[in-house]
Amino acid sequence: MNTPSLILPFLALILSPLLVGIVNRTKAFFAGRTGQPLFQLYFDLAKLLRKGAVYSKTTSWIFRAGPVVQLAAAITALFVLPWGGASAPFHFNGDLILLAYLMGLMRFFTVLAALDTGSAFEGMGASREVQFSALAEPALLVGLAAAAHAGHDHIAPPLGNFQGALSLSGIYSSLSMDAWLSSGPALLMVAGALFVVFLAENSRIPFDDPNTHLELTMIHEVMILDHGGPDLAMILYGASLKMWLLGSLTAGLIVPVRTGNAWLDASAVFAGLCFLALLTGVVESTMARLRLLRVPQLLVSAGFLSTLALILLLWR
Amino acid sequence: MSLLLLAVALLGFSGLCSLLLGGKRSGANTLGAAGGVVGSLVGILPAIQVLRTGTTATFYHPWNVPYGSFFLQIDALSAFFLLPIFLLSALAALYGRQYMESTPGGKNLGAFWFFFNLLIAGMALVVTARNGILFLMVWEVMSLASFFLVTFENEKESVRRAGWTYLAATHLGTAFLFVLFFLLGRESGAVLLDFDSFSGAGSRVSHVADVAFFLGLVGFGTKAGFVPFHVWLPEAHPAAPSHVSAVMSGAMIKTGIYGILRLLTLLGTPTPGWGWALLAMGLVSGILGVLFALAQHDIKRLLAYHSVENMGIITLGVGLGVLGMSSGHPALAALGFGGGLLHVVNHALFKGLLFLGAGVVLHETGTGELEHLGGLMKKMPWTAGTFLVGAAAISGLPPLNGFVSEFLLYLGALGSIEAQTMAPAGFLVIVGLALIGGLAAACFTKAFGTVFLGEPRSEHALRGHEPGRSMLLPMVLLSLFCALIGLCAPFVIGALCPAVSILTSMPFPRVESLLSPAKAPLLWVSVGGILFLVLAAGLAGLCRRLLARRRVEQAGTWDCGYVKPTARMQYTASSFAQPLTRMFDGILRTRESLDRPEGLFPVYAALKTEPRDLFNDLVYRPLFLGVEWLALRLRWLQEGHVQLYVLYIALTLLALLIWNLS
Amino acid sequence: MRLLVDALIVLLILTNLRLVASSHLAACIYVVALQGLVLGLLPLLVGTDPLTLRACVLSGLTMVLKGIIFPWLLLRALRAVQVRKEMEPLVGYTTSLLVGAVLLALAMWFGRRLPLPVSEASPLMVPLALFTIMIGLFAIVSRRKALTQVLGYLVMENGIYAFGLTFAREEPLLVELGTLLDIFMAVFVMGITIFHISREFDHIDTDRLSLLKD
């Protein structure tokens, strides 16, 4: 464990709301609006943290536990997340599973908090959330397995002795330019799959429209209708951390800068993240939301891309 | 060993006493439950001793039954199954005393406890028996005892039907086991059907081993509830009293897994085909189990289907282990078997917990129908809290125990892909586990959300209140165990090693060195879990402090402009699951009948969905109808004349004679 | 070079999937056109020896026919019959994707098992060819519209073409040209037939044509 890897998670804590800002600025640019400031989410969080709260009479402690649990899970996940070549403070074989399941934990409690209000709308959003995430999870895990394989292509270690090759930090530190040159198509497909998962899990168009005005069509926004004050702040912040988590997984893949200097690598990944946010903004501006019935298809396609990448890599 | 015999004797004796006391309800009830608790607690001791010291305890006594001997042995594998069996049984017995008090007056509680304690003893003997005849006998005792427990409320038509389904299924399974043991006995050529003598049977002629494996897979698979042999499970579990369901689902169906594992140790080096068969079975059971569970409206049926799913996960691990062994990758074998075995214990803990919780709901509100419940969180906070732990654990979420066993399986699968050994298997396991995990989370948010959260949906749900301490204590203990395994993950590896070393037939130090690389990740998993808990506590404290001096109001749920939201406007369990069930409708075939709202001011509208079981509808019902048809066609054979029957016997003997002489 | 071939093969696999996952008929035609173009490129890359005139002619002709002329014909037919979407396919789109995944796995397995010479260009060639043939068959089986079935037929032919590429690069030019001509005629005829079916029955659903059996 070295100094950069200790500091980086805290940097992520500070920087993550910026991503949402970039997405919104991009959308404003495309729509020809002035748009909200880049740091709007910071202002929102500060404002919400100063407020009181209103709780529904229907709710129980689950409703209050929801935001806390999801933020805690997101922060925990940050500690296994590498910034490209810069490794995470905790890295161990299989930490990608922990990351994926911590996001599962976030979702579990967000959904329960939504159901706790007894509102039809929030139930509807929760129902969609669990459906889509159940399909996104295989795509994510298989994609990461493929990425693990792409990095260490020529050495097949004896099973059981991986020396961190199955940790996110191990996987991402090996995804250098060489890996792209030797297995570019596969990595491109993994990147595509991860990007789809990124959009789906962060409730972005074409899966969900964060700015829609009709509760009936929302997914994530409708689940948190009843939260307010510090609770809402925690949810918004947790969501931006989730965006950072999945975004880093994608950006670390598409930015193959592995200099060995943790700060340089990390800044490259941060640039990649900003680019990803920009791309998300472009996607949101140019695409329409998919019909809900078509969403599973896109997620299954993402799973397929991951699978295809894995097959391609195993076939070499 | 003597402790195990003592435990069995205690169980039998207390069961008999309470049977004799049958007339005096409360006496029989207390005595039976106490016998169950004490007997089980005594039985845990030898299991712990074997696991700790790594020794094997044996008891041998000749028996004048043909081929039989009274041969019991506790090795690490047996001990590993004895542990959840006795632990869960003890807690279920404790819970059961109060649960049974409220049963209607005419019921004989003495008989109930007799069979309950018999079931515990039967399970314990099944996993320790080392003789084919003895095994089949205690297997049958276990099955029959559980049959009588399932049909305890036999005044209900549905319970009787469930009982018959169970009886038929379990005997079909046993039939396969009969053939299995006699086949093995014939091949080994030994006088007694002792397990020790089987070990050479498989290796001599390879297809004998294949046939034996297939017989075992079907026979034991029926007990374990693998798809497509699972049909008895969703019938029997809801019919039984809840603590019986907990024991049956948490412990009894594990004897099926135990049987397969024990068979594998007898058959020698496995072939890859077996591994693939197990993997396919696990994948199908896991995914279909959770899909069927999603479509259910009844909480106990839902849990029963989840047992099918979890048996699938365990089998995925076993399949991975067998593939690792057959392809000569001991590390994969160790991780696969290790993950599978750990999931056996984990499933016993959280499924027991969930069934006990469902029992409380059923007991207090009088209904297990999800759509009639709701808002129980406020009325029974302890039950709800423990149920939540169980729900999160079964969905495989950190920092609980379900995550640890799935983590081991993932590690094996990722490793197999990385090292390019059995990569397709690893891929299938990853996809399967990820999909199962996501769907299970969907299913348990649905179950927990509709039962405990929101507003009460009917009169039933208004009635609920917290049960007595003796019912709560087992649930609290089980949820503590769930958390403990999750937070002390590295230590479980040590407990797994002896059993894995038996399964892989590798020496103990070798297994230890193979599994020790998994220790560091598990340590970090635990650290992550603790970090998460600390963070959550800190954030909760922060939130509380922030709100301390501010205005915190209570209001109605904001329902997008509706002024008076009612409980009926809540999202129902069926609607919650509908997108997923619709997506997999090709498999689920849920029957829907819809009365559309009509006119500008509709008064009436109704949607009725009836979950079905594909295998029941497409395989078993036609099969049994066919058998019935055949039986009716053959009725002329049976006219009721004694002469005719004698003629049949004579003809059979004659035919046998001719066949033998020719 | 190897990387490029791999990339093209992946692209071909993805076009196959897009075909079974899309409901827009026009999109399907464009996908098949893309597949034709990419397939036309392959012979130029597969060979290790310097480019021959023959390979160039073959490649060019394939690209023009499969990538431009056939799609154009089909698009014209599509405009004529005024159908935009494949409604109610016999197998749903998400299911089709899963079926596609199973077919791909099967193709991979066959590719390992079949006693075929491994193409030196890429070991994925044989699986790709098998997969393309299977997808073509699947499209014919699972869709109702005559136009999708024509597309399935085209894709199947593409698969056979890819199969030929894998091990018999020295196929006589004449045979290739003959095959191309055959397909050309077939597509031409089918285009006309679709138009006539549509004019006669107001739809191009082939499963409803079974009423004509009497």
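Residues numbered from 1 in each chain as written. Chains lettered and ligands numbered in written order. Predicted model: local features only at pLDDT ≥ 70, side-chain atom pairs only at ≥ 80, totals over all residues. Heavy atoms only, no water.

A. Representation of the overall build of chain C in the model. In terms of helices and strands, chain C carries seven helices and zero strands. Tracing chain C from N to C terminus, the helices and strands come up as α-α-α-α-α-α-α. Taking the intrachain contacts of chain C between residues at least 6 apart in sequence as the baseline, contacts between residues at least 24 apart amount to 79%. Carbon and sulfur atoms make up 69% of the accessible area of chain C, which amounts to about 10,300 Å² in all. (Helix = DSSP H or I, 4+ residues; strand = E, 2+ residues; numbered from the N terminus. Contact = heavy atoms within 4.5 Å. Areas by Shrake-Rupley, 256 points an atom, 1.4 Å probe, with all protein chains shown as cover.)

B. Fine view of the interface of chain A and chain C. Counting residues at the interface gives 18 residues for chain A, matched by 22 residues for chain C. Where chain A abuts chain C, roughly 1,700 Å² becomes buried across the two surfaces, and 78% of that area is made up of carbon and sulfur atoms. Counting the surface chain A buries against chain C, the share from its top three residues, Gln297(A), Phe304(A) and Trp315(A), is 41%. Along the contact surface separating chain A from chain C lie zero salt bridges. When residues of the side of chain A that touches chain C are traced back to their parent elements, those giving at least two are helix H7 (177–201) and helix H11 (295–315) of chain A. In the side of chain A that touches chain C, the residues fall into 11 nonpolar, five polar and two charged. (Buried area = accessible area lost by both parts, 1.4 Å probe. Salt bridge = Lys/Arg side-chain N within 4 Å of Asp/Glu carboxyl O. Nonpolar A, V, L, I, M, F, W, Y, C, P; charged D, E, K, R; others polar.)

C. Molecular detail of the interface of chain A and chain B. Each partner contributes residues to the interface: chain A has 79 residues there, and chain B has 77 residues. The contact between chain A and chain B buries some 6,900 Å² in all, and 75% of this surface belongs to carbon and sulfur atoms. Across the chain A-chain B interface, the total number found is zero salt bridges. If you look at where chain A meets chain B, you find 17 residue pairs in polar contact (both at pLDDT 80 or more). Mapped by element, the contributors of at least two residues to the side of chain A that touches chain B are strand E1 (53–56), helix H3 (61–78), helix H4 (95–116), helix H5 (120–151), helix H9 (229–254) and H11 of chain A. In terms of residue count, H5(A) provides more of the side of chain A that touches chain B than any other element does, 18 residues in total. In the side of chain A that touches chain B, the residues fall into 50 nonpolar, 19 polar and 10 charged. For E1(A) and strand E3 (residues 552–555) of chain B, the ladder comprises four bridges, and the chain directions are parallel. Residue pairing in the sheet places Val54(A) in a bridge with Glu553(B) of E3(B). (Polar contact = N/O pair within 3.5 Å; in protein donor to acceptor, adjacent residues only side chain to side chain. Pairing = 2+ DSSP bridges.)

D. Looking closely at the pattern of salt bridges. Counted by the stated rule, this structure contains 18 salt bridges over all chains. Put simply, Glu187(B) and Arg186(B) hold a salt bridge, and the shortest N to O gap is 3.2 Å. Taking relative accessible area as the criterion, Glu187(B) reaches 17% and is therefore assigned buried. Note on Arg186(B): relative accessible area 62%, which makes it exposed. Between Arg551(B) and Glu553(B) there is a salt bridge whose closest N-O contact spans 2.9 Å. Since its relative accessible area comes to 64%, Arg551(B) is described here as exposed. If you follow the salt bridges from partner to partner, you end up with Arg107(A), Glu137(A), Glu201(A) and Lys242(A) in one network. (Buried < 20%, exposed > 50% of the residue type's maximum accessible area, 1.4 Å probe, protein only.)

E. Region of interest: unusual backbone geometry. Following Ile205(A), the chain continues to Pro206(A) via a peptide bond in cis, the omega torsion being 10°. Turning to its location among the elements, Pro206(A) is positioned in the loop between H7 and helix H8 (220–223). Of note, the bond from Val227(B) into Pro228(B) is cis; its omega dihedral lies within 30 degrees of zero at 10°. Along the polypeptide, Pro228(B) turns up in the loop between helix H9 (206–224) and helix H10 (233–239). Notably, Arg589(B) is not glycine yet its phi reads approximately 50°, a positive angle. Relative to the helices and strands, Arg589(B) is located in the loop between helix H26 (585–588) and strand E4 (591–595). Arg589(B) sits in the partly exposed class, given a relative accessible area of 42%.

F. Structural context of the packing of aromatic side chains. Residues and elements named next belong to chain A. Scanning the entire structure with this criterion turns up 43 aromatic pairs over all chains. Aromatic side chains phenylalanine 79 and phenylalanine 90 sit 5.9 Å apart centroid to centroid with 35° between the ring planes, which places their arrangement in the tilted category. Note that phenylalanine 79 is positioned in the loop between H3 and H4 and phenylalanine 90 in the loop between H3 and H4, a separation of 11 residues in sequence. For phenylalanine 79, a relative accessible area of 15% translates into the label buried. Taking the relative accessible area as the measure of exposure, phenylalanine 90 reaches 14% and is therefore buried. (Phe/Tyr/Trp six-rings, centres within 6.5 Å; stacked < 30°, edge-to-face > 60°.)

G. Here's a closer look at the environment of Ser501(B). All names here are of chain B. Along the chain, the position of serine 501 falls in helix H22 (residues 489–503). Serine 501 sits 11 residues away from glutamate 512 along the chain, and the two C-alpha atoms are 8.4 Å apart. Leaving out residues up to four positions away in the same chain, serine 501 has contacts with Met506, Pro507, Phe508 and Val511.

H. Spatial organisation of the packing of H5(A) against H11(A). Residue and element names in this part refer to chain A. Running from N to C, H5 and H11 point in directions that differ by 15°, and their axes come no closer than 8 Å. Classified by the angle their axes make, H5 and H11 are roughly parallel. At the point where H5 passes H11, the crossing takes the left-handed sense. Here Gln131, Phe132, Leu135, Ala136, Ala139, Val142, Gly143, Ala145, Ala146, His149 and Ala150 of H5 come into contact with H11, specifically with Val295, Pro296, Leu299, Ala302, Gly303, Ser306, Thr307, Ala309, Leu310, Leu313 and Leu314. Of the residues belonging to the contact of H5 with H11, the class tally is 16 nonpolar, six polar and no charged. (Axes fitted to C-alpha atoms, helices over the stretch in contact; angles between N-to-C directions. Parallel < 35°, antiparallel > 145°, perpendicular 65-115°, else oblique. Left-handed = near helix turned anticlockwise from the far one by under 90°.)

I. Highlighting the pairing of strand E2 (residues 69–74) of chain B. Residue and element names in this part refer to chain B. In terms of burial, E2 is largely enclosed, as five of its six residues are buried. Pairing of strand E1 (residues 57–62) with E2 involves six bridges; the strand directions are antiparallel. By the bridge assignment, threonine 58 is partnered in E2 with glutamine 73. Taking the residues that link successive antiparallel strands as the turn, the E1-E2 hairpin has six residues, and the phi of tyrosine 67 there is positive, at about 65°.

J. Inspection of the packing of H9(A) against helix H24 (residues 519–548) of chain B at higher detail. As a packed pair, H9(A) and H24(B) sit with axes 9 Å apart at the nearest point and diverge in direction by 145°. Contacts from Pro230(A), Asp231(A) and Met234(A) in H9(A) reach Leu539(B), Cys543(B), Leu546(B) and Leu547(B) in H24(B). When grouped by side-chain class, the residues that make up the contact of H9(A) with H24(B) number six nonpolar, no polar and one charged.

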